[in-house]
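# Topology and contacts: notes
As a plain string of letters, each chain reads:
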Amino acid sequence: MKKWILILLAMLVAGTAQALNPVQESYVERLARGGFISLKDVSQSIYHSGERDTQVLDVLAEVLLQDYQRARGRGELDAVAWGAKALGASGNGRYHGVLSEIDRNNTQRKLSKHVSRALSDVGAPSGEQYQRGMVDLAKLQESGASAARSAPSKKAAPARRQAAAPAAAPAAQGNYESLSLVREGMSMQEVYDLVGPPSATYSRQTGKAWKPFNYRGNDIVRTYALYKNQGRVVFSNTSRYSGVQRVREVIIDPNESGYP
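Note that this is a predicted model, so its numbers are computed, not measured.

Calculation notes
- Residues numbered from 1 in each chain as written.
- Predicted model: local features only at pLDDT ≥ 70, side-chain atom pairs only at ≥ 80, totals over all residues.
- Heavy atoms only, no water.
- Salt bridge = Lys/Arg side-chain N within 4 Å of Asp/Glu carboxyl O.
- Helix = DSSP H or I, 4+ residues; strand = E, 2+ residues; numbered from the N terminus.
- Buried < 20%, exposed > 50% of the residue type's maximum accessible area, 1.4 Å probe, protein only.
- Polar contact = N/O pair within 3.5 Å; in protein donor to acceptor, adjacent residues only side chain to side chain.
- Contact = heavy atoms within 4.5 Å.

## A few points about the pattern of salt bridges
- Counted under the stated rule, the structure contains nine salt bridges.
- A salt bridge links D67 to R70; the nearest nitrogen and oxygen atoms lie 2.9 Å apart.

In structure tokens:
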């Protein structure tokens, strides 16, 4: 991930900026430089993983404020709905004003119920409210594009990242991050992009596959990604209607053989 994100957030995000980990850096970069597809994907990851860092959520809030009135198609409205859900799930009253504005001005009925529910979830306003423009997305995009060309590769910064990992966690392999950064709720592809491909995988059905009242069909299949000398990640399907699997458990084990 790129150092420019840390530098710019220190200048652009309200409050005292703290160092972001590589996962949070990725969220910020994708939100700032992507479109509605990135907004949906990142919002889902924030929602499912329980990300609560205000630097990340401030960028999400700014993207929502700039994009919600442009959303028209089903996919775009779905992206905004997930963004609202992610802010609501944070329970941070800082974003009450953001959700209130969207709820008040939104003209899309398909979006209204999701925003209203998010507004209820976030609770009463508290502390300094996020205001449009606290994060300068244009400057973030412009600076990021130029900095990316001169930024060091992942190989150039392993010492900083390994130093931030827990002492007991196995070291990252090659150009990838440590398994200790994986969080419950991340998608399978997100994990593979972060820590690299596993040494081996295998899948099995769970007992929930035979439960007659499991209408959504969630957690009927689990996939085990084995990382030699690091541990394993357990993924579970979110529903029978979606091909997405998300992290259910992370097992750190330096003695992992990497074989099923």
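## Quick word on unusual backbone geometry
- Of note, the phi angle at D219 is positive, near 55°, even though the residue is not glycine.
- Positive phi, normally seen in glycine, also occurs at N229, with a value near 65°.
- Among the structural elements, N229 can be located in the loop between β2 (221-227) and β3 (231-237).
- On the accessibility criterion, N229 (41% relative accessible area) is partly exposed.

## Some points on the side chain of D53
- Along the chain, D53 turns up in the loop between α3 (36-49) and α4 (54-67).
- A polar contact is formed between the side chain of D53 and the backbone nitrogen of Q55, at a distance of 2.8 Å.
- Leaving out residues up to four positions away in the same chain, D53 has contacts with L20 and Q24.

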